[in-house]
Amino acid sequence: MNKASLRLVVRIERKHDEMPAFVIVPAAEVARWQLTATTTVEGTLDGESIGRRSLKRWDDERWFIELRREALDALGKSAGDRAMLEIRRASIELPAELQRLID
């Protein structure tokens, strides 16, 4: 990932077994992005792609990213495990083929 990315060790959490897992991203870590709302990010967990995910505000001190069960299973990770999360803001540009259809 580029230098605009964030890299931090996170703990995979889950409130209930039926709910998606998630990781907390401290607001201080994303402060330089000056976020005001849910933001699309791309990233990796222990070097494996988690694709495009939504980084959502939890409160003034925390943001969070939900993690798909399939991604965690592929990594052999589950709630309670620690992992290296690396994220960057996703491009907001439309793919060229979609822009041509819109035009």
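Residues numbered from 1 in each chain as written. Predicted model: local features only at pLDDT ≥ 70, side-chain atom pairs only at ≥ 80, totals over all residues. Heavy atoms only, no water.

Student: Help me understand the side chain of glutamate 86, please; the structure alone is not making it clear to me.
Tutor: Summarising the element assignment, glutamate 86 is placed in strand S6 (residues 82–89). Put simply, glutamate 86 is tucked away with no salt bridge, and the nearest opposite charge, on arginine 7, sits 4.0 Å away. (Helix = DSSP H or I, 4+ residues; strand = E, 2+ residues; numbered from the N terminus. Buried < 20%, exposed > 50% of the residue type's maximum accessible area, 1.4 Å probe, protein only. Lys, Arg positive; Asp, Glu negative; His and termini not counted. Salt bridge = Lys/Arg side-chain N within 4 Å of Asp/Glu carboxyl O.)

Student: Help me out: how do you make sense of the pairing of S6 in this one?
Tutor: Residues in a regular strand project their side chains so that they alternate between the two faces of the sheet. Pairing of strand S1 (residues 6–11) with S6, which is carried by 6 bridges, proceeds in the antiparallel orientation. When the sheet's bridge partners are listed, arginine 7 is paired in S6 with glutamate 86. Of the pairings in the sheet, the one linking strand S3 (residues 39–45) to S6 comprises 5 bridges and is antiparallel in character. Across the sheet, glycine 43 pairs through a bridge with isoleucine 87, a residue of S6. (Pairing = 2+ DSSP bridges.)

Student: Looking at this structure, how should I read the packing of aromatic side chains?
Tutor: For any pair of aromatic rings, the description rests on two quantities: the centre-to-centre distance and the angle between the ring planes. For the coordinates displayed, the defined rule picks out 3 aromatic pairs. Considering the side-chain rings of phenylalanine 22 and tryptophan 58, the 5.5 Å spacing of their centres and the 50° angle between planes classify their relative orientation as tilted. Of this pair, phenylalanine 22 sits in strand S2 (residues 21–26) while tryptophan 58 is found in strand S4 (residues 48–59), placing the two residues 36 residues apart along the sequence. A relative accessible area of 7% places phenylalanine 22 in the buried class. When the centroid spacing of 6.3 Å and the interplanar angle of 80° are considered together, the rings of phenylalanine 22 and phenylalanine 64 count as edge-to-face. Linking phenylalanine 22 in strand S2 with phenylalanine 64 in strand S5 (residues 62–67), this pair joins segments that are 42 residues apart in sequence. Of the residues examined, phenylalanine 64 reaches a relative accessible area of 16% and is grouped as buried. (Phe/Tyr/Trp six-rings, centres within 6.5 Å; stacked < 30°, edge-to-face > 60°.)

Student: How should I be thinking about the nonpolar core in this particular structure?
Tutor: Nonpolar side chains tend to gather and get buried jointly when the protein is soluble and globular. Residues Leu45, Leu55, Ile65 and Leu85 are the most contacted members of the largest nonpolar core, which totals 22 residues. Looking at this core, the elements with two or more residues in it are S1, S2, helix H1 (27–30), S3, S4, S5 and S6. For leucine 55, the contacting residues outside a window of four places in its chain are Val25, Val30, Trp33, Leu35, Ala37, Thr38, Thr39, Val41, Trp63, Phe64 and Ile65. (Core = buried A, V, L, I, M, F, W, Y, C linked by side-chain atoms within 4.5 Å. Contact = heavy atoms within 4.5 Å.)

Student: Can you walk me through the environment of arginine 52 in this structure?
Tutor: Relative to the helices and strands, arginine 52 is located in strand S4. Taking the relative accessible area as the measure of exposure, arginine 52 reaches 46% and is therefore partly exposed. Taking the C-alpha atoms as reference points, arginine 52 and threonine 40, separated by 12 residues in sequence, lie 6.5 Å from one another.

Student: Teacher, can you tell me more about the pattern of salt bridges here?
Tutor: A side chain with one charge can pair with a side chain of the opposite charge if their charged atoms come near. Taken as a whole, this structure holds 4 salt bridges when the rule is applied. A salt bridge links glutamate 42 to arginine 52; its shortest N-O distance comes to 3.5 Å. Taken together, the positions of glutamate 42 in strand S3 and arginine 52 in strand S4 put the pair 10 residues apart, joining distant regions of the chain. We note a salt bridge from glutamate 42 to arginine 88, for which the minimum N-O separation is 2.8 Å. Of this pair, glutamate 42 sits in strand S3 while arginine 88 is found in strand S6, placing the two residues 46 residues apart along the sequence. Looking at arginine 88, the relative accessible area reads 27%, which means it is partly exposed. Salt bridges sharing partners connect three or more residues here, namely Glu42, Arg52 and Arg88.

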